[in-house]
Amino acid sequence: GAVVSQHPSRVICKSGTSVKIECRSLDFQATTMFWYRQFPKKSLMLMATSNEGSKATYEQGVEKDKFLINHASLTLSTLTVTSAHPEDSSFYICSARELGTSGTYEQYFGPGTRLTVT
Amino acid sequence: AQSVTQPDIHITVSEGASLELRCNYSYGATPYLFWYVQSPGQGLQLLLKYFSGDTLVQGIKGFEAEFKRSQSSFNLRKPSVHWSDAAEYFCAVGSSGGSYIPTFGRGTSLIVHP
């Protein structure tokens, strides 16, 4: 199947700084990418849907000014956590969607990025 | 709105025993249904999916799931569990049609005893 990569896999930053997480579809073009946040022992919470070349659509309760998403190309989306605080510490997972041969969408997940804000 | 319920937070089985993880969904039309597995600190891997057709779906790693519309269920099964199956398992439902975004259940943690 298709591969989605994330970088970095782990990052530790100080409170008040910004952190950028990259998500790449390695062998396919993804017109749509998704960003999820996963709390310990919890399900994945969809944060936003990112379409190439347009503004991201944020889910209710997600601060768009804090979680900046850019989807500049068909293979790259970035999530920037601005002015990070300890409560932003979490596991962030991206996902990329591809239109499969059956005419339905296939969704592939990255390995996740563990963010720790000290 | 679509939703998924995984009633079991933890399931403990002995290695070699059979396994069934429960999943109930809520969706008005025919859903797209998925099971994903997540090992500690890792992303999600798709085990299997149901879009249409045969209601018994075969997946990777010896897993299967059965779609039962009358019960709004999509339970995951494996006849003989291996220690390497210990992980978090997520059921997800997506809207039917050409475009969907899956909604995940809270997950079931599988513990395998030797």
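Everything that follows concerns the structure shown earlier in this document.
Note that this is a predicted model, so its numbers are computed, not measured.

Some thoughts on the overall build of chain B
Inference 1: Of regular secondary structure, chain B possesses zero helices and twelve strands.
Inference 2: Reading the helices (α) and strands (β) of chain B from amino to carboxyl end gives β-β-β-β-β-β-β-β-β-β-β-β.
Inference 3: Taking 13 Å as the expected radius of gyration for a compact globule of 114 residues, we find that chain B reaches 13 Å, a close match to that expectation.
Inference 4: Across its three principal directions, the C-alpha atoms of chain B cover 45 × 30 × 20 Å.
Inference 5: Split into buried and exposed, the 114 residues of chain B put 47% on the buried side.
Inference 6: Considering only contacts in chain B between residues 6 or more positions apart, those separated by 24 or more positions represent 56%.
Inference 7: Counting every atom, chain B has about 5,200 Å² of accessible surface; 50% of that belongs to carbon and sulfur.

Observations concerning the side chain of Thr113(A)
Residue and element names in this part refer to chain A.
Inference 1: Along the chain, Thr113 turns up in strand E11 (residues 113-117).
Inference 2: A polar contact of 2.6 Å, which involves the side chain of Thr113, links it to the backbone oxygen of Pro8.
Inference 3: Once you skip the residues sitting within four places of it in the chain, Thr113 turns out to touch Gln6, Pro8, Ser9, Val11, Ile21, Ser90, Phe91 and Tyr92.

Comments concerning the environment of Val19(A)
Residues and elements named next belong to chain A.
Inference 1: Summarising the element assignment, Val19 is placed in strand E3 (residues 19-25).
Inference 2: Take Val19: its relative accessible area is 6%, and that puts it in the buried class.
Inference 3: Here the alpha-carbon distance between Val19 and Val81, two residues 62 residues apart in the chain, equals 5.2 Å.
Inference 4: Contact partners of Val19, with chain neighbours within four places excluded, come to Val11, Cys13, Leu79, Thr80, Val81 and Leu115.

Details of the interface of chain A and chain B
By a frequent convention, interface size equals the accessible area lost on bringing the separate parts together.
Inference 1: Between chain A and chain B, the residue contacts involve 18 residues of the former and 18 residues of the latter.
Inference 2: Summed over both partners, the interface of chain A with chain B buries about 1,500 Å², with 53% contributed by carbon and sulfur atoms.
Inference 3: Put simply, chain A and chain B have zero salt bridges between them.
Inference 4: Joining chain A to chain B, the criterion identifies three residue pairs in polar contact (both at pLDDT 80 or more).

Describing the sheet that holds strand E8 (residues 76-81) of chain A
Residue and element names in this part refer to chain A.
Inference 1: Spatially, four strands are ordered E1-E3-E8-E7 in an open sheet, and the strand pairing comes out antiparallel. Lying at the two open borders of the sheet, with one neighbouring strand each, are strand E1 (4-7) and strand E7 (67-73). The average angle at which neighbouring strand axes cross in this sheet is 15°, direction not considered.
Inference 2: Across five bridges, the pairing between E7 and E8 is antiparallel.

A look at the state of the cysteines
Inference 1: A full pass over the atoms with the stated rule returns two disulfides over all chains.
Inference 2: Two residues, Cys23(A) and Cys94(A), share a disulfide whose sulfurs are 2.0 Å apart. One disulfide, between Cys23(A) and Cys94(A), carries an S-S torsion of 75° and so falls in the right-handed class. Of the two residues, Cys23(A) sits in strand E3 while Cys94(A) sits in strand E9 (residues 90-99), which places them 71 residues apart along the sequence.
Inference 3: We classify Cys23(A) as buried; its relative accessible area is 0%.
Inference 4: Judged by its relative accessible area of 0%, Cys94(A) falls in the buried class.
Inference 5: Residue pairing for Cys23(B): its cysteine sulfur links by disulfide to Cys91(B), the two sulfurs lying 1.9 Å apart. The sign of the -65° torsion about the S-S bond sets the Cys23(B)-Cys91(B) disulfide as left-handed. Taken together, the residues span a long stretch of sequence, with Cys23(B) in the loop between strand E3 (19-21) and strand E4 (24-26) and Cys91(B) in strand E10 (residues 87-94) at a distance of 68 residues.
Inference 6: Its relative accessible area of 0% is what places Cys23(B) among the buried residues.

Points about the environment of Pro114(B)
Residue and element names in this part refer to chain B.
Inference 1: Relative to the helices and strands, Pro114 resides in the segment after strand E12 (108-113).
Inference 2: On the basis of relative accessibility, which here comes to 91%, the residue Pro114 falls in the exposed class.
Inference 3: Measuring from C-alpha to C-alpha, the distance between Pro114 and Ser14 comes to 5.9 Å, with 100 residues separating the pair along the chain.

What counts, and where the lines are drawn
- Residues numbered from 1 in each chain as written.
- Chains lettered and ligands numbered in written order.
- Predicted model: local features only at pLDDT ≥ 70, side-chain atom pairs only at ≥ 80, totals over all residues.
- Heavy atoms only, no water.
- Helix = DSSP H or I, 4+ residues; strand = E, 2+ residues; numbered from the N terminus.
- Rg over C-alpha atoms; globule rule 2.2 N^0.38 Å.
- Buried < 20%, exposed > 50% of the residue type's maximum accessible area, 1.4 Å probe, protein only.
- Contact = heavy atoms within 4.5 Å.
- Areas by Shrake-Rupley, 256 points an atom, 1.4 Å probe, with all protein chains shown as cover.
- Polar contact = N/O pair within 3.5 Å; in protein donor to acceptor, adjacent residues only side chain to side chain.
- Buried area = accessible area lost by both parts, 1.4 Å probe.
- Salt bridge = Lys/Arg side-chain N within 4 Å of Asp/Glu carboxyl O.
- Pairing = 2+ DSSP bridges.
- Axes fitted to C-alpha atoms, helices over the stretch in contact; angles between N-to-C directions.
- Disulfide = S-S within 2.5 Å.

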